[in-house]
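Spelled out from the first residue to the last, the chains are:
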Amino acid sequence: MAKFLLWCILLFLCWPWPLWRWVLYPLVWLLLLPFRLLGIAVEGVLQLVWALVTLPARIWAGSPRESFPNRP
């Protein structure tokens, strides 16, 4: 019985926390959305720079078929 009473008190004292989470989570998500989009853009630019830096090595290496002519 004591556990049930403690559970009821805890429920009565803590019920606003899930409601606050429902309200604050979308607001935090909207606030962080520009940073997420900026991260996607920066990642794309870094991948482009990496592709340009490694392009001469990939051209010089040639295709895998030229390296292994007996390959099916």
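Predicted model only: the values in this text are computed from it and were never measured.

(A) Region of the structure containing the overall build of the protein chain. Along the backbone of the protein chain there are three helices and zero strands. The linear arrangement of helices and strands in the protein chain, starting from the amino end, is α-α-α. Sorting the 72 residues of the protein chain into buried and exposed places 1% on the buried side.

(B) Geometry of helix α2 (residues 16-61). Helix length check: α2 (46 residues) gives 63 Å between terminal C-alpha atoms against 68 Å at 1.5 Å per residue, within 8%. Within α2, the axis deviates most sharply at Thr 54, by approximately 45 degrees, and proline Pro 56 lies no more than four positions further along. The buried fraction of α2 is low, at one of 46 residues. Following α2 by one or two positions, Gly 62 adopts a phi angle in the positive range, close to 80 degrees.

(C) Representation of the side chain of Thr 54 in the model. For Thr 54, the position within the fold is in helix α2. Looking at Thr 54, the relative accessible area reads 18%, which means it is buried. There is a polar contact of 2.9 Å between the side chain of Thr 54 and the backbone oxygen of Trp 50.

(D) Local environment of the confidence of the model for the protein chain. Residues with a pLDDT of 70 or more make up 86% of the protein chain, whose mean pLDDT is 85. When mean pLDDT is compared element by element in the protein chain, α2 scores highest at 91, while helix α3 (residues 64-67) scores lowest at 58.

Basis of the calculations
- Numbering of residues starts from 1 in every chain and runs along the sequence as written.
- Thresholds applied to this predicted model are a pLDDT of at least 70 for local features of residues and 80 or more for the giving and counting of side-chain atom pairs; totals over whole chains, interfaces and linings are not thresholded and use all residues.
- Think of the side-chain values as coming from all heavy atoms in the structure, minus any hydrogens and water.
- Secondary structure counts use DSSP, requiring at least four H or I residues in a row for a helix and at least two E residues in a row for a strand, with both numbered from the N terminus.
- Relative accessibility thresholds used throughout: buried, under 20% of the residue-type maximum; exposed, over 50%; partly exposed, between the two (1.4 Å probe, protein chains only).
- To estimate how far a helix should extend, the number of its residues minus one is multiplied by 1.5 Å.
- Note on bend: the value at a residue is the angle between axes fitted to the seven residues ending there and to the seven starting there.
- Here a polar contact is recorded for every N or O atom pair within 3.5 Å, except that within protein the pair must consist of a potential hydrogen donor and a potential acceptor, and residues adjacent in sequence are included only if both atoms are side-chain atoms.
- Note: pLDDT gives the predictor's confidence per residue, expressed from 0 to 100.

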